[in-house]
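# Fold and geometry: a report
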Amino acid sequence: MQISMLNKFSKYIMIGICLIFSSKSFSQSDQLLQDLGYLIDDALFFSDKYITPATDAAVYQSSSGWVYSAKKRKLWDVTVGVNTNFFFVPNSDTAFKIKNSDFQLLSIESGATSATVPTAIGNGNQIYLTGALDGETIRIETPKGINQNVVIYPHLSGALSLWYGTEVLVKYSPRVELKRSEYQVYGFGIKHNLSQYFKSLQANKINLAATATYSNEDVSFDFLDIQTDFGNLGINRLSGLVDTYQMQLNASKEYKKFEILAGFIANVSDFKYKLTGTKGAIEETIPLQYILNQRLKEIYKTKANFMGEISGRYQISKIFIQSTIAFGKFVNSNLSVQYEF
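About the criteria used
- Residues numbered from 1 in each chain as written.
- Predicted model: local features only at pLDDT ≥ 70, side-chain atom pairs only at ≥ 80, totals over all residues.
- Heavy atoms only, no water.
- Helix = DSSP H or I, 4+ residues; strand = E, 2+ residues; numbered from the N terminus.
- Contact = heavy atoms within 4.5 Å.
- Areas by Shrake-Rupley, 256 points an atom, 1.4 Å probe, with all protein chains shown as cover.
- Lys, Arg positive; Asp, Glu negative; His and termini not counted.
- Charge placed at Lys NZ, Arg CZ, Asp CG, Glu CD.
- Pairing = 2+ DSSP bridges.
- Axes fitted to C-alpha atoms, helices over the stretch in contact; angles between N-to-C directions.
- Buried < 20%, exposed > 50% of the residue type's maximum accessible area, 1.4 Å probe, protein only.
- pLDDT = per-residue confidence, 0-100.
- Core = buried A, V, L, I, M, F, W, Y, C linked by side-chain atoms within 4.5 Å.

Okay, the overall build of the chain next. When helices and strands are counted, the chain shows four helices and 17 strands. Over its C-alpha atoms, taken along the principal directions, the chain stretches across nearly 85 × 35 × 35 Å. Long-range contacts, defined as pairs at least 24 residues apart, comprise 67% of the intrachain contacts of the chain with a sequence gap of at least 6. Looking at the chain as shown, the accessible area adds up to about 16,200 Å², and 59% of this sits on carbon and sulfur atoms. Seen as two clouds, the 33 positive and the 30 negative side-chain charges of the chain have centres 13 Å apart.

Here we come to the sheet that holds strand β5 (residues 128-133). Pairing is antiparallel in the open sheet, where three strands are placed in the order β3-β5-β6. A strand with exactly one partner marks an edge of an open sheet, and here the two such strands are β3 (107-108) and β6 (136-141). Relative to β5, β3 is paired through two bridges, and the arrangement is antiparallel. The residue bridging isoleucine 108 from the neighbouring strand is leucine 129, located in β5.

Next up on the list: the sheet that holds strand β15 (residues 301-316). Overall, antiparallel pairing links the ten strands, which are arranged β1-β7-β8-β9-β10-β13-β14-β15-β16-β17 in a closed barrel. The average undirected angle you get between the axes of adjacent strands in this sheet is 20°. As defined by bridge partners, strand β10 (residues 206-224) adjoins strand β13 (residues 235-255) across 18 bridges and the pair is classed as antiparallel. Looking at the pairing, glutamate 217 lines up with valine 242 of β13.

We now examine unusual backbone geometry. Located in the positive-phi region is serine 110, a residue other than glycine, with phi close to 75°. With respect to the helices and strands, the residue serine 110 is situated in the loop between β3 and β4 (114-118). Owing to a relative accessible area of 73%, serine 110 belongs among the exposed residues under this scheme. The phi dihedral of lysine 205 falls on the positive side, at around 55°, and the residue is not glycine. Assignment of secondary structure puts lysine 205 in the loop between α3 (199-203) and β10.

This part covers the confidence of the model for the chain. When the pLDDT values of the chain are averaged, the result is 89; 91% of them are 70 or greater. Predicted confidence for residues 1-6 stays below pLDDT 50, and this span has zero contacts to residues more than four positions away or in other chains. Of the regions scoring below 50 in pLDDT, residues 17-28 engages in 18 contacts with residues more than four places distant in sequence or in other chains.

Turning to the nonpolar core, a few remarks are in order. If you look at the biggest cluster of nonpolar residues, it comprises 61 residues, and the most contacted ones within it are Phe46, Tyr50, Ile98, Leu106 and Phe221. Grouped together as the second largest cluster of nonpolar side chains are eight residues, Trp66, Ala70, Ala209 and Leu261 included.

Okay, here's the thing in structure tokens:
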């Protein structure tokens, strides 16, 4: 209770200081101060509900497809892969319900007391929210989701074999433009072969490997475009930044040119959120984007995930074709074409 009151107090102090030192004056600065505080609270609530399913999904997109093979490779072997990732959007995370009681400044237009709106990975449906900012009516269209059943994006990967059955792994995706959103991932890791210590496993072409990786995911979405007498508020682009630390154990069995792999993945992800769009005209008087980004720290979170992975890899000379499926809360698939030097 004391922490909640302290957060609210610091919020109003921050906005008040911005108003005092602004280059413009407002006839009703006390009312504006209060309304902005309420609007920030409403935006914070909506941000969390809207983008969290997308950042949860981003973890699955970056977690699978790290391991080409569980077997021990020769020193200085290099493999480069071109990958296409398929994330299957679950119906359960595509929408959330809002009520007028969830908001302090805004309310649902047309007198409705509740409504269902899409998350960032939901459909393209929209409703309007209305409120008054310093006596001026504002009308906000809720953001759309990506409106896709399957999210497809490409990325590159590579592996370099070192001493003692150890490999260095890398993964990189350029910033990919999806519908009303952008996605980028990069990461690196280390894999170590364990079956080399067990002669019976080697004799039966059974392989074990442990992998540790780090990845960074950046997902951005069109958000709230709010026009007021003080100018655009500059909160029309919301990004989720995810750092994922992962441990993975894989076992595989070789059948001539075919290797089938099964894996268990455990990871921990740190989620951060930030407004990254062009600053609005209101910034001439109030650094609203900075204030909101400070408040977004209140919804930072850390989550753990556990998932299974099944993969099949087939060799054609120095070219390998591999299909991978990771499953848990979500389902993610990866198709990779690799060349081994």
